[in-house]
Amino acid sequence: MPELPFDSEELEQLILRFNAVMAREDTDIPDPGGNESDDEWPATLQETAGNLDRDEIAAEIEGMDDDQQNALVALFWIGRGDAEPEEWDATTALARDAHDGPVSTYLLGQPEAGDFLAEGLDKMLDYGVD
């Protein structure tokens, strides 16, 4: 039975932070129309480069060791439906082999990263990982 290389509670906190960042990004309205003074509110919620939340997530992910980063990508792929929990070893190996650039950049570039990580974690826990 595979084991996750990180604590599931810490991962759940990371997932919550991913969802908070992605929720802010969903507020971007490219052409809201209407009154300009009314249109300014979405920008206050918009995630921007250099935002502390985004930077903290990136630093946390990049501070993980290679096994943890590969597992994070594997969880994302399992949650997205690209692999099954039974394929854990092969999926983490694929994540290692496909590694090209910062993992944080890859995951933060995926609009549903938090949802897919949560789904992947749920599938792995249902499968019986520790």
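Reading guide: rules and limits
- Residues numbered from 1 in each chain as written.
- Predicted model: local features only at pLDDT ≥ 70, side-chain atom pairs only at ≥ 80, totals over all residues.
- Heavy atoms only, no water.
- Axes fitted to C-alpha atoms, helices over the stretch in contact; angles between N-to-C directions.
- Helix = DSSP H or I, 4+ residues; strand = E, 2+ residues; numbered from the N terminus.
- Parallel < 35°, antiparallel > 145°, perpendicular 65-115°, else oblique.
- Contact = heavy atoms within 4.5 Å.
- Nonpolar A, V, L, I, M, F, W, Y, C, P; charged D, E, K, R; others polar.
- Salt bridge = Lys/Arg side-chain N within 4 Å of Asp/Glu carboxyl O.
- Buried < 20%, exposed > 50% of the residue type's maximum accessible area, 1.4 Å probe, protein only.
- Patch = residues over 30% accessible without salt bridge, like charges linked within 9 Å, V, L, I, M, F, W, Y side chains within 5 Å.
- Areas by Shrake-Rupley, 256 points an atom, 1.4 Å probe, with all protein chains shown as cover.
- Lys, Arg positive; Asp, Glu negative; His and termini not counted.
- Charge placed at Lys NZ, Arg CZ, Asp CG, Glu CD.
- pLDDT = per-residue confidence, 0-100.
- Expected span 1.5 Å × (residues − 1).
- Polar contact = N/O pair within 3.5 Å; in protein donor to acceptor, adjacent residues only side chain to side chain.

### Side note on the packing of helix α5 (residues 66-80) against helix α8 (residues 113-127)
And then number 1: Contact pair α5 / α8: the axes reach a minimum separation of 7 Å and the direction vectors enclose 90°. Taken together, the axes of α5 and α8 lie roughly perpendicular to each other. Each of Leu72, Leu75, Phe76, Ile78, Gly79 and Arg80 in α5 lies in contact with α8, whose residues at this interface are Ala113, Phe116, Leu117, Glu119, Gly120, Leu121, Lys123 and Met124.
And then number 2: Split into classes, the residues belonging to the contact of α5 with α8 amount to nine nonpolar, two polar and three charged.

### Description of the pattern of salt bridges
And then number 1: Scanning the entire structure with this criterion turns up three salt bridges.
And then number 2: Residues Arg17 and Glu60 are paired through a salt bridge, measuring 2.7 Å at the closest nitrogen-oxygen approach. In this pair, Arg17 is assigned in helix α1 (residues 8-25) and Glu60 in helix α4 (residues 52-62), connecting sequence segments 43 residues apart.
And then number 3: Judged by its relative accessible area of 29%, Arg17 falls in the partly exposed class.
And then number 4: Across the pair Arg80 and Asp82 runs a salt bridge, and its minimum N-O distance is 2.5 Å.

### Here we look at a negative patch on the surface
And then number 1: On the surface, a cluster of negative charge is contributed by Asp7, Glu9, Glu10, Glu12, Glu119, Asp122 and Asp126.
And then number 2: Looking at the negative patch, the elements with two or more residues in it are α1 and α8.
And then number 3: Position of Glu12 relative to the elements: it lies in helix α1.

### Some points on the side chain of Thr92
And then number 1: Structurally, Thr92 can be placed in helix α6 (residues 88-98).
And then number 2: Owing to a relative accessible area of 16%, Thr92 belongs among the buried residues under this scheme.
And then number 3: Once residues within four sequence positions are removed from consideration, Thr92 is found in contact with Asn70, Ala71 and Ala74.

### A short note on the confidence of the model for the chain
And then number 1: Across the chain, the average pLDDT comes to 83, with 78% of residues at or above 70.
And then number 2: Predicted confidence in the chain is weakest over helix α3 (residues 41-45), with a mean pLDDT of 43, and strongest over α5, with 97.
And then number 3: Segment residues 26-30: pLDDT under 50, and five contacts once partners within four positions in sequence are set aside and those in other chains are kept.
And then number 4: Between residues 37-47, whose pLDDT stays under 50, and residues either more than four places distant or in other chains, the model counts 16 contacts.

### Focus: the side chain of Gln69
And then number 1: Secondary-structure assignment places Gln69 in helix α5.
And then number 2: The exposure class of Gln69 is buried, given its relative accessible area of 6%.
And then number 3: The contacts of Gln69, once residues within four sequence positions are left out, are Ile61, Glu62, Met64, His99 and Val103.

### Overview of α5
Residues lying three or four places apart along an α-helix face the same way, a consequence of the helix completing one turn every 3.6 residues.
And then number 1: An ideal rise of 1.5 Å per residue puts 21 Å on 15 residues; α5 measures up with 21 Å between its terminal C-alpha atoms.
And then number 2: Listed as buried for α5 are Gln68, Gln69, Asn70, Ala71, Leu72, Val73, Ala74, Leu75, Phe76, Trp77, Ile78 and Gly79.
And then number 3: Between the side-chain oxygen of the N-cap and the backbone nitrogen of Asp67 there are 3.1 Å, and the N-cap of α5 in question is Asp65.
And then number 4: Positioned one or two residues after α5, Gly81 has a phi angle of 95°, which is positive.

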